[in-house]
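Observations on the three-dimensional arrangement
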Amino acid sequence: MDLCAFLLVLFLSPLLLGYNGVEGARELLEREDMELEKQLKLLNKPAVKTIETEYGDTYDCVDFYKQPAFDHPLLKNHSFHFQMKPTLSLKRNRDHVSSRERESAHIELKGGGCPVGTVPIRRITKEDLIRERNASKLMSFADNTIGAHYAVARTRPGPNKFNGAGARLSVQNPRVSGRQYSASRFMLRNGNDAIQAGWRVDPTLYGDTRTRRFIHLDAGQSHCFNTRCPGFVQVRSDEPLDLVYSQVSKRGGVTYEAPLFIDRDLVNGNWWLLVGERNIEVGFWPRRIFSGLADLASYAEWGGELFYLPGTPPPEMGSGFPLVGNTKYDAFLRNVEVMNAAGKTINVYNLQTFVDDTRKYGVVDLENTKVGHLVLYGGPPYSS
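To continue, consider the overall build of the protein. Counting secondary structure elements, the protein contains 4 helices and 20 strands. Looking at the 384 residues of the protein, the share that counts as buried comes to 51%. Once local pairs closer than 6 in sequence are excluded, the contacts in the protein between residues at least 24 apart make up 73%. Split by element, the accessible area of the protein, about 18,400 Å² in all, is 54% carbon and sulfur.

Our focus in this paragraph is the sheet that holds strand β1 (residues 47-52). Reading across the sheet, the 3 strands line up as β1-β2-β4 and stay open at both edges, with antiparallel pairing between neighbours. The open sheet has two edge strands with one neighbour each: β1 and β4 (118-122). Ignoring which end each strand starts from, the neighbouring axes of this sheet average 30° apart. Here β1 pairs with strand β2 (residues 58-63) via 5 bridges, running antiparallel.

Tallying each qualifying case throughout the model produces 2 disulfides. Residue Cys61 pairs covalently with Cys114 via a disulfide, S to S 2.1 Å. Residues Cys61 and Cys114 are joined by a disulfide whose S-S torsion is about -80°; by sign, that bridge is left-handed. One end of the pair, Cys61, is in strand β2; the other, Cys114, is in the loop between β3 (102-104) and β4, with 53 residues separating them in the sequence.

With respect to topology, 7 strands assemble into an open sheet ordered β10-β9-β8-β7-β15-β5-β18, the strand pairing being antiparallel. Looking at the sheet topology across the chains shown, the edges are occupied by β10 (222-225) and β18 (352-355). Across this sheet, the average inter-strand angle for adjacent strands is 20°, counted without regard to direction. For strand β5 (residues 148-154) and β18, the ladder comprises 4 bridges, and the chain directions are antiparallel. Along β18, the bridge assignment pairs Ala153 with Thr353.

This part covers the pattern of salt bridges. According to the stated counting rule, one finds 21 salt bridges in the structure shown. With a shortest N-O distance of 2.5 Å, Asp128 and Arg131 are connected by a salt bridge. Residue Asp128 and its partner Arg131 are both found in helix α2 (residues 126-138); the two are separated by 3 residues, about one turn of the helix. On the accessibility criterion, Arg131 (25% relative accessible area) is partly exposed. Between Glu257 and Arg168 there is a salt bridge, and its shortest N-O distance comes to 2.8 Å. Here Glu257 is found in strand β12 (residues 255-264), whereas its partner Arg168 is found in strand β6 (residues 164-170), with 89 residues between them in sequence. Taken individually, Glu257 and Arg168 each receive the classification buried, so the pair is uniform in this respect. One salt-bridge network, in which partners are shared between bridges, spans Asp57, Arg122, Asp128, Arg131, Asp208, Arg210 and Arg212.

Most often, soluble globular proteins keep nonpolar side chains buried together rather than apart. Ranked by internal contacts, the top residues of the largest apolar core, which has 75 residues, are Trp285, Phe290 and Trp302. Counting 5 residues, the second-largest nonpolar core is a separate cluster that includes Leu36, Leu43, Ile124 and Leu129.

Summed over the entire model, instances satisfying the criterion amount to 9 aromatic pairs. Ring geometry for Phe64 versus Phe70: centroids 5.6 Å apart, planes at 65°, classification edge-to-face. Judged by its relative accessible area of 0%, Phe64 falls in the buried class. Consider the rings of Trp272 and Phe284, whose centres lie 4.9 Å apart with planes at 40°: the pair is tilted. Note that Trp272 is positioned in strand β13 (residues 271-275) and Phe284 in strand β14 (residues 280-285), a separation of 12 residues in sequence.

A few words on the pairing of strand β9 (residues 212-219). Counting buried positions along β9 yields 8 of 8 residues, so the element is predominantly enclosed. Residues Arg212, Phe214, His216 and Asp218 line one face of β9 and the alternating positions Arg213, Ile215, Leu217 and Ala219 line the opposite face, and both faces are buried. The sheet contact formed by strand β8 (residues 193-201) and β9 spans 7 bridges and is antiparallel. Counted as the bridge partner of Arg200 is Arg212 from β9. Summarising the sheet, β9 and β10 pair through 4 bridges and their orientation is antiparallel. Opposite His216, over in β10, you have Phe225 as the bridge partner. Taking the residues between adjacent antiparallel strands as the criterion, β9 and β10 are bridged by 2 residues, where Gly220 takes a positive phi near 60°.

The rules behind these values
Residues numbered from 1 in each chain as written. Predicted model: local features only at pLDDT ≥ 70, side-chain atom pairs only at ≥ 80, totals over all residues. Heavy atoms only, no water. Helix = DSSP H or I, 4+ residues; strand = E, 2+ residues; numbered from the N terminus. Buried < 20%, exposed > 50% of the residue type's maximum accessible area, 1.4 Å probe, protein only. Contact = heavy atoms within 4.5 Å. Areas by Shrake-Rupley, 256 points an atom, 1.4 Å probe, with all protein chains shown as cover. Pairing = 2+ DSSP bridges. Axes fitted to C-alpha atoms, helices over the stretch in contact; angles between N-to-C directions. Disulfide = S-S within 2.5 Å. Salt bridge = Lys/Arg side-chain N within 4 Å of Asp/Glu carboxyl O. Core = buried A, V, L, I, M, F, W, Y, C linked by side-chain atoms within 4.5 Å. Phe/Tyr/Trp six-rings, centres within 6.5 Å; stacked < 30°, edge-to-face > 60°.

In C-alpha cells, the structure reads:
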C-alpha cells in the first residue's frame with residue numbers, strides 16, 4: 001500500500017466507524033421500539049368503548065373474556081363470567097361512626113361506566129412503559145430494598161389463619177418528586193404470595209402526582225400493579241382499579257376515607273376486592289394462581305410505604321407531618337380488622353409496630369378507640 005492509500009484509509013476509518021456506530025444505535029432504538037409495541041399489544045386489549053377522564057386517562061371497555069387476567073397460563077380453561085359474585089355473601093360490620101368532619105371518598109367513571117359484559121381497564125401508553133423502564137435502571141430489586149421505607153402495624157409470627165383483612169384508609173396526597181412514590185395500603189401474605197390494596201401517589205407508574213386506588217399481586221411469575229400482569233379478574237363494569245380519588249383529606253379539615261377489604265370466598269378460595277360503603281365486589285384473584293394463598297393467609301399488615309433514592313430529599317408519608325395522635329391531623333387506617341378462619345370479621349389484637357427509619361417516620365397502633373381499631377402513621381414535612 002502506497003502512502004496515499006494508507007492516508008486515505010486512515011482518514012476514512014473514523015468516518016466508517018462513526019457511521020456504523022450511528023447505525024447500531026438506530027437499530028437498537030428500533031428494536032426497543034418494537035419491544036414496546038409488543039408489550040402495548042399484550043397490555044391493551046381491543047375496546048368496545050373508550051371513556052376519557054378529566055385527568056387525561058383513557059379507560060378501555062374490554063370484553064370480560066378478553067381482559068388481561070386470562071393471559072395467565074393457569075386461567076386458560078376457566079368457567080368465570082361477568083355476573084360472578086362470591087359464593088357466600090361476605091358480610092362486614094357497618095361503620096357507625098358519624099362525623100361532619102369525615103366523609104367517604106367516592107370515585108366513579110363518567111356516564112355509569114362501561115357496557116354490561118365489559119370491564120374498564122386503563123390504557124397503557126408508550127410513555128408509561130418508557131418511564132417505568134428508565135426507573136427500573138435505578139430501582140433494581142436491591143435498590144428498592146434500600147430505598148423503600150415502612151411505618152406499619154403487623155401481625156406477629158404464629159399460627160395465624162386469616163380469610164381476609166381490611167380497613168378504612170384516610171385518603172391523602174403526599175408530595176413526591178421524580179422516581180419517588182408514597183402509599184397507604186394493607187397486605188395479606190402466605191409464603192411468597194402476597195396481595196395488597198390501598199392508594200398511592202406514584203409518578204413513575206402513572207405519570208402524575210394524583211392519588212389513585214391500586215392493588216398489587218405477588219404470585220409465581222406475576223408481580224405487578226392492577227392489570228399490568230395477568231391474575232386479577234375484574235367483574236364490575238363501573239369500578240376501575242386505579243381511578244383518581246378526586247377528594248383528598250385536608251390536614252385539620254375534612255377527612256376523606258376509602259373503605260377497602262380483601263376477603264376470601266369460603267367455598268372456592270378466590271380472594272375478592274371489596275370497595276366503598278356498600279362493599280362493591282370489583283373482582284377477584286383466583287385461588288388457582290396461588291401456592292401459599294391457595295390456603296388462608298398467615299400474615300397481615302397495615303400502614304404507610306414510600307420509596308426514594310438514597311441521598312435525595314425524602315417524600316412525604318401520609319399527611320407529611322410528625323404524628324400528633326389525632327385523626328384530624330394524622331394519616332390513618334381505622335376499623336383495622338381481619339376475617340378469621342371461621343369467616344367472622346373481628347378486631348385484630350396484639351399487633352407489632354415496625355418503622356425502619358424512626359428519625360423521619362412514625363406509626364402508632366391503638367386497638368380500641370371511638371373510631372375503631374386505629375393505626376396512625378406518617379412524617380416528615382417535605383424539604384425542597
